[in-house]
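Working through the structure, step by step
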Amino acid sequence: MSAPVVSVRGLRLALPPGADRPLAVDGVSFDLTAGEILCLVGESGSGKSMCAHALMGLLPRAVKPSGGEIRMEGTDLLAQDEAGWRDTRGRRIAMIFQEPMTALNPLMRIGDQMAEMFEAHGLLTPAERRARAVALAGEVGLPEPERIVRAYPHQLSGGQRQRAMIAMALALEPAVLVADEPTTALDVTTQAQILALVRDLQRRRNMAVLFITHDFGVVAEIADRVLVLRHGRVVEAGPAAAVLGRPQESYTRTLLAAVPSMDPPVRTPPAGPKAVEVAGLTKTYVTGGGWWRPARRVEAARGVAFALHKGETLGLVGESGSGKSSIAKLVMRLVEPDAGTVRLGDTDLTRLSGEPLRRARRRIQMVFQDPFASLNPRRTVGRIIADGPRAHGVPEAEARERARRLLGLVGLDPSAFDRYPHEFSGGQRQRVGIARALALEPEILVADEAVSALDVSVQAQVLALLEDLKARLGLSMLFITHDLRVAAQICDRIAVMRRGEIVELKTASALFAHPEHPYTRALLDAVPGRTRSAA
Amino acid sequence: MALFLARRLGKGILVLLAIVVLNFFLIRLAPGDPALVMAGEAGAGDELYVAQLREKFGLDQPLPLQLGLYLRSILSLDLGYSVRQQMPVGRLILDRLPATLLLTGTAFLISLTLGVALGALAARRAGRLADTAITALALLFYATPLFWVSLMAIIVFSVRLDWLPAFGFETVGGGYTGLARAADIARHLVLPSLTLGLFFMAVYVRMTRASMLEVAGLDFVKTARAKGLREGTVQRRHVLRNALLPVVTLAGLQAGTLVGGAILTETVFAWPGIGRLMYEALLQRDYNLLLGVFVVSSAMVLLFNLVTDVIYRVVDPRIEAAS
């Protein structure tokens, strides 16, 4: 093994007083070697992102290095002044970020933002910078490089933006690339392409890569070596095959066990009566349009039909923009369909209005994706849960009693009743969200990406809770997710959506074992870490 | 873009006509009419004399007919004739327009440049002494009534210190020409334009500061730093440019008041502009003149709205995609 390009020794990063722990990162050491990808894995709050930002000298103002060193080419990066950092950033160590949608300046052309890299370090003439930008765009596989450098970020897709970010980071041929969750915000197929690109470029340029992720699938796909972090400390480190294959520490094993497997467990398909029956559901969104202007049309649902049996979990999977969330809203009748019917048992939900509709809403409830945004921050948890029953005429005392009982049911302490949402972690909030949905004693639960924002271990707990509640309360569930692993674990049947249409609908085991539609196959192939976990 | 402009101009003309009709009726809601005021000034309370005057000005015609006649002349770009001033309304307004535009334009430039500069400075020094001082000052200007500031400015800078003239457009009987005249006008311009600009300057300071602090936390600013750019470049090119978008909206609003928004200042400083013309026309029930001023200032508001939208399209490439 060649000498490391960067070696981090005993890095300690101090959090401001009053934080939940004194050190964000406590004594972390690792080496970055040319031609190698080191994955920094951990759950939220593990300090992995802090390590990445420390390498760039881009820590939040409140976080201060309080010990250790980051050695690169014989000097300690932590000891250098602002001018030294400016020289390091971009030229010696470059970084790509999680959100390609927001990481580019919306008012500047892509090419100009790439050229800025050279400008920042006083390299090349403006004409040469433009030429290099075009060449870089070609190298990262952006279509029509000549044209795309003149485009603005909003004209590019998420994957293209991330490619542009990578092109920018590679501009000055840095020895080290720091990638902070670069594929987390992308669809599986795009994620697979970006991972392949990072892999390819890293090999061709013999770069050292520090790759931050919380996703073990991605780790399996890309890592040469792995470092597992927890509460700012290193739990386990070693070659990828060893850490993933024969984890030594129990925490690593727990994390790995929490990753949902791609093999669906055997389930008996429920043959009960139909709880929900959807037929010919069609919705087209028309935006823009004016006096003389043509409108933009997006077909969110095109003749969608499916049935959800009593006690069944039906998965709705697809990439962003496939219309799966629109289906959820249509089934809940939060938006009006252009055509088609949604039947709850024997009532046609699409025909109801006024008071009968309000009463029917009780029967179908939703758990939302974002546990941070979906709870009113100014109401106590108890009120949030009791509001629904109260609105449906349940007496105050009984509503409160029901809220307390539900808190116990979703595994929260009764003391949560009088506390506010911000006092809880993401997983706990999602439990509150589930309790809120259950408060109306619905027959059907619609879960829209309900576990997507959670860490794997928490995700596993919430999935288990949903499964348990479903069985105990005899619920039917429409489970919307972009994560095929999660779908494999919780769904009886799965519907694959693309551009507002269901392209394939069958039992989970059949779908994973014998995918028929080419799109389903493409989706399954793109799931990171599939080959290694199967091997 | 051409289509966009054509469409907006078409809409603008329709809106303008609606405004004219509305104003036409609004003015006539005020008690009294030009004939009564003239008769009163002449000391004649004679019914017959008033009736004669009304007939002469066409005020005895039914209202819809008067409106029709007025609209017809407006459409042929004729703003009518002011009987009181014995001059065409168009000429009267054109005579006064340069003085008003000079005053409001200067105030606009002062408030925009100073406001954005101070706001940017405050944002970069957020939480420190400079920020506190700028924010406090802006709040003071924001909260103080314009006329009070004007009067205080006159007392301090004209009466006590005798640095600047207290009123007027130029020194009467000064006989200056060329550059000397320009300098004289500039000296007269200082106090009114500053007092007029202070309020909007305060608004720009607060807006720029808040907007910059918001943008500074966005991801692309971190990207810019990760390139190794100098802090000044990061602030100017990435933070300020994005932070200025809401300021453009506000500047468009202020630009709309360029013609009709200086009545108070012009009155206090005896500035011979549109504002005072309007004030006098109002007292004299000079319908044609009053309507003329309304038409011109409404047209200006519409025009600057359009200009703002065009500027927005130029500075923010995302707008085109959204429409």
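What you see is a predicted model; the values in this text were computed from it and never measured. (Residues numbered from 1 in each chain as written. Chains lettered and ligands numbered in written order. Predicted model: local features only at pLDDT ≥ 70, side-chain atom pairs only at ≥ 80, totals over all residues.)

1. Considerations on unusual backbone geometry
Residue and element names in this part refer to chain A. The condition that has to hold: Comment: elements are numbered from the N terminus, with helices defined as DSSP H or I runs of at least four residues and strands as E runs of at least two. Residue burial here comes from a neighbour count, namely the number of other C-beta atoms, placed from the backbone, that lie within 10 Å of the residue's own C-beta, with 20 or more meaning buried, 12 or fewer meaning exposed, and in between meaning partly exposed.
A positive phi angle is found at Leu124, which is not glycine, with a value near 60°. Of note, Leu124 is situated in the loop between helix H3 (110-120) and helix H4 (126-139). A count of 14 C-beta atoms within 10 Å places Leu124 in the partly exposed class. Despite not being glycine, Asn206 shows a phi value in the positive range, around 55°. Under the C-beta neighbour-count criterion, Asn206 is labelled exposed, with 12 such atoms within 10 Å.

2. Section: the interface of chain A and chain B
Note the following rule: The contact criterion used is a C-beta to C-beta distance within 7 Å, with each C-beta placed from the backbone. Under this grouping Gly is polar, as are all residues other than the nonpolar Ala, Val, Leu, Ile, Met, Phe, Trp, Tyr, Cys and Pro and the charged Asp, Glu, Lys and Arg.
Of the residues lining the interface, 26 residues belong to chain A; the matching set on chain B comes to 21 residues. Those elements that provide at least two residues to the side of chain A that touches chain B are helix H2 (82-88) and H3 of chain A. Here the side of chain A that touches chain B is composed, by residue class, of 13 nonpolar, seven polar and six charged.

3. Let's talk about the packing of helix H15 (residues 426-438) of chain A against helix H16 (residues 456-473) of chain A
Residue and element names in this part refer to chain A. The test is simple: Each axis is a line fitted through C-alpha atoms, and for a helix only the stretch in contact is used; angles between axes span 0 to 180 degrees, taken between their N-to-C directions. Put simply, angles under 35 degrees are roughly parallel, angles over 145 are roughly antiparallel, angles from 65 to 115 are roughly perpendicular, and the rest are oblique. We call a crossing left-handed when the near helix sits turned anticlockwise from the far one by less than a right angle, and right-handed when that turn is clockwise.
Orientation of H15 relative to H16, taken along the N-to-C sense of each, is 20°, at an axis distance of 10 Å. The pairing of H15 with H16 is recorded here as roughly parallel in orientation. Here H15 runs over H16; the crossing is right-handed. Of the residues in H16, those in contact with Gly426, Gly427, Gln430, Arg431, Ile434 and Leu438 of H15 are Val458, Gln461, Val462, Leu465 and Leu469. Across the contact of H15 with H16, the residue classes tally to six nonpolar, four polar and one charged.

4. Things to note about the UniProt feature "transmembrane region" (unreviewed entry) in chain B
Residues and elements named next belong to chain B. We apply this condition: UniProt positions are given in the numbering used here, feature names are shortened, and annotations may be inferred rather than shown by experiment.
According to UniProt, the positions carrying the feature "transmembrane region" (unreviewed entry) are residues 12-30, 101-122, 134-159, 185-205, 243-269 and 289-308. For residues 243-269, the end-to-end C-alpha separation is 35 Å, with 74% helix and 0% strand making up the annotated structure. Between the end C-alpha atoms of residues 289-308 there is a gap of 28 Å, over a span that is 100% helix and 0% strand.

5. A closer look at the nonpolar core
Note the threshold: In plain words, the nonpolar core is the set of buried Ala, Val, Leu, Ile, Met, Phe, Trp, Tyr and Cys residues that C-beta atoms within 7 Å link up.
Residues Leu210 and Leu478 of chain A are the most contacted members of the largest nonpolar core, which totals 227 residues. With 14 residues, the top contributor of residues to this core is helix H8 (residues 178-216) of chain B. Ignoring sequence-local partners within four residues, the contact set of Leu210 of chain A consists of Leu32, Leu38, Leu40, Ala52, Leu55, Val176 and Val178 of chain A.

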